[in-house]
Amino acid sequence: MTREEKSIAIQDLTAQLADSKIVYLADISGLNAEATSNLRRACFKADIKLEVVKNTLLAKAMEASENEYGDLPSTLKGNTSIMIAEVANAPAKIIKDFRKKSDKPLLKGAYINEEIYVGDNLLDSLAALKSKDEVIGEIIGLLQSPAQRVISALKNQFEGEE
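Residues numbered from 1 in each chain as written. Predicted model: local features only at pLDDT ≥ 70, side-chain atom pairs only at ≥ 80, totals over all residues. Heavy atoms only, no water.

- The name given to the protein in an unreviewed UniProt entry is Large ribosomal subunit protein uL10, and the organism recorded there is Paenimyroides ceti.
- Turning to the protein, the UniProt annotation filed under Sequence similarities (unreviewed entry) states: "Belongs to the universal ribosomal protein uL10 family."
- The Function (unreviewed entry) field of the UniProt record for the protein holds the comment "Forms part of the ribosomal stalk, playing a central role in the interaction of the ribosome with GTP-bound translation factors." (UniProt positions renumbered as here; feature names shortened; annotations may be inferred.)

1. Details of the nonpolar core
Point 1. Among the nonpolar cores identified, the biggest contains 24 residues, and Tyr24, Leu39, Cys43, Ile48, Met83, Ile112 and Leu126 are the most heavily contacted of them.
Point 2. Going through the elements one at a time, strand 1 (22–27), helix 2 (33–45), strand 3 (80–85), helix 4 (90–98), strand 4 (106–112) and helix 5 (123–127) are the ones with two or more residues in this core.
Point 3. It is helix 4 that provides the largest number of residues to this core, a total of 5 residues. (Core = buried A, V, L, I, M, F, W, Y, C linked by side-chain atoms within 4.5 Å. Buried < 20%, exposed > 50% of the residue type's maximum accessible area, 1.4 Å probe, protein only. Helix = DSSP H or I, 4+ residues; strand = E, 2+ residues; numbered from the N terminus.)

2. Some remarks on the environment of Gly137
Point 1. Its place among the elements puts Gly137 in helix 6 (residues 132–161).
Point 2. Residues Gly137 and Lys108, 29 residues apart in the sequence, show an inter-C-alpha distance of 31 Å.

3. Details of the packing of helix 1 (residues 3–18) against helix 3 (residues 55–64)
Point 1. Where helix 1 meets helix 3, the closest approach of the two axes is 8 Å, and the angle between their N-to-C directions is 55°. Regarding the angle of helix 1 to helix 3, the classification is oblique. The two elements helix 1 and helix 3 meet at a crossing, and its hand is right-handed. Contact with helix 1, carried on its side by Lys6, Ala9, Ile10, Leu13, Thr14 and Leu17, involves Leu57, Leu58, Lys60, Ala61, Met62 and Ala64 of helix 3 and no other residues of that element.
Point 2. Split by residue class, the contact of helix 1 with helix 3 holds 9 nonpolar, 1 polar and 2 charged. (Axes fitted to C-alpha atoms, helices over the stretch in contact; angles between N-to-C directions. Parallel < 35°, antiparallel > 145°, perpendicular 65-115°, else oblique. Left-handed = near helix turned anticlockwise from the far one by under 90°. Contact = heavy atoms within 4.5 Å. Nonpolar A, V, L, I, M, F, W, Y, C, P; charged D, E, K, R; others polar.)

4. Looking at the pattern of salt bridges
Point 1. For the structure shown, the criterion picks out 5 salt bridges.
Point 2. Measuring nitrogen to oxygen at the nearest pair gives 3.7 Å for the salt bridge that ties Glu51 to Lys49.
Point 3. The class of Lys49 is partly exposed, set by a relative accessible area of 40%.
Point 4. A salt bridge links Asp120 to Arg99; its shortest N-O distance comes to 2.7 Å. Of this pair, Asp120 sits in the loop between strand 5 (115–118) and helix 5 while Arg99 sits in the loop between helix 4 and strand 4, and the two are 21 residues apart along the sequence. (Salt bridge = Lys/Arg side-chain N within 4 Å of Asp/Glu carboxyl O.)

The following block contains the structure:
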């Protein structure tokens, strides 16, 4: 890879990072061709961009980014794949699902809405995160519940007067 190609790759990665609030780093080495293809297909269906990256280029892109990645660059050893998503728990759920059949992918770390998570031991916690839509749904449900009770009580009151 020429110096110019590296520079372009760093610029591309920096732009991807700037546009992303949810970035996971994983190690997918050791997956056979079929498993890798299945992982890519699952990521595509979940609207997750999966890309194998060079550690040095990603480290430089993280350094050039306006986002603060904390200890994440320290995880850039060995094989690294970057997973960029819109839903915070989607990559963790896919990794967890794949781990039912294999010991890979391994979670190296994640950057989620300016929070840093480092280590495979956090996979269950990240998979349990609620998406924005799930939280909004719960809030709407909680707000509707008292209103429905008031309406029900009023209906019962008026029916009793007839």
